Amino acid sequence: MATTYEFPSDLLAGQEELHQVRAELSALLKRLPWSVEPMDGFSDDTGWRKVERPASPGWTEDEQAEVEKLRRREHELAVFVSTHRFWAELAAADRVEARTLLKHAHEQKEQE
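Undergrad: How would you summarise the overall build of the chain if you had to cite specific residues and measurements?
TA: Helix and strand content of the chain: four helices and two strands. Principal axes of the C-alpha set define a box for the chain whose edges measure 55 × 35 × 30 Å. Expressed as a percentage of its 112 residues, the buried residues of the chain come to 22%. In the chain, of all internal contacts separated by at least 6 residues, the share reaching a separation of at least 24 is 63%. When the accessible surface of the chain is totalled, it reaches about 8,300 Å², and 52% of it is carbon and sulfur. Taking the 15 positively charged and 23 negatively charged side chains of the chain as two groups, their mean positions are separated by 2 Å.

Undergrad: Which residues make up the packing of aromatic side chains, and what values go with them?
TA: All told, the structure shown has five aromatic pairs when counted by the stated rule. Taken together, the aromatic side chains of Tyr 5, Phe 7, Phe 86 and Trp 87 make up a single cluster linked through ring pairs.

Undergrad: Describe in detail the side chain of Gln 15, supporting the description with residues and values.
TA: Here Gln 15 shows up in helix 1 (residues 9-31). Separated by 2.7 Å, the side chains of Gln 15 and Arg 99 make a polar contact. Ignoring anything within four residues of it in the chain, the contact list for Gln 15 reads Val 81, Arg 99, Leu 102 and Lys 103.

Undergrad: Just give me the short version of the side chain of His 84, but keep the residues and values in it.
TA: The residue His 84 is located in the loop between helix 2 (61-82) and helix 3 (95-103) in this model. A polar side-chain atom of His 84 sits 3.4 Å from a polar atom in the side chain of Arg 85. Not counting residues within four places of it along the chain, the set of residues in contact with His 84 comprises Pro 8, Asp 10 and Leu 11.

Undergrad: Account for the pattern of salt bridges, with residues named and values stated.
TA: According to the stated counting rule, one finds seven salt bridges in the structure shown. The partner of Glu 74 in a salt bridge is Arg 22, with the nearest N and O atoms 2.9 Å apart. With a gap of 52 residues between them, Glu 74 in helix 2 and Arg 22 in helix 1 connect regions that are remote in the sequence. The exposure class assigned to Glu 74 is partly exposed, which follows from its relative accessible area of 21%. Across the pair Glu 68 and Arg 72 runs a salt bridge whose closest N-O atoms are separated by 3.0 Å. Here Glu 68 pairs with Arg 72, and both are found in helix 2, just four residues apart, close to one helical turn. Residues participating in the shared-partner salt-bridge network are Glu 17, Arg 73 and Glu 76.

Conventions adopted
Residues numbered from 1 in each chain as written. Predicted model: local features only at pLDDT ≥ 70, side-chain atom pairs only at ≥ 80, totals over all residues. Heavy atoms only, no water. Helix = DSSP H or I, 4+ residues; strand = E, 2+ residues; numbered from the N terminus. Buried < 20%, exposed > 50% of the residue type's maximum accessible area, 1.4 Å probe, protein only. Contact = heavy atoms within 4.5 Å. Areas by Shrake-Rupley, 256 points an atom, 1.4 Å probe, with all protein chains shown as cover. Lys, Arg positive; Asp, Glu negative; His and termini not counted. Charge placed at Lys NZ, Arg CZ, Asp CG, Glu CD. Phe/Tyr/Trp six-rings, centres within 6.5 Å; stacked < 30°, edge-to-face > 60°. Polar contact = N/O pair within 3.5 Å; in protein donor to acceptor, adjacent residues only side chain to side chain. Salt bridge = Lys/Arg side-chain N within 4 Å of Asp/Glu carboxyl O.

This is the structure in structure tokens:
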């Protein structure tokens, strides 16, 4: 049976927001053109697989700002979660398991 940990509420909230920010960033990047700058399309079949890209209009300043904002917030949250004082309270051998459980804590909440 896996060990259970009493994660502090601010750590749980930080991890949950990190999941949300990463999902939002991923969805945004999937919607945006493949190139930040305007680029011509290309086709290359000289490698081990064919690569094709349509012409890209590039990203608008607002799109670039939104990506930058989300990346900055993702970084802040990752630093907050990974350097939280809670980790110092655990034995070094338990930290990997606890970190894994924290990453999936939101799934446990949904099942309850």
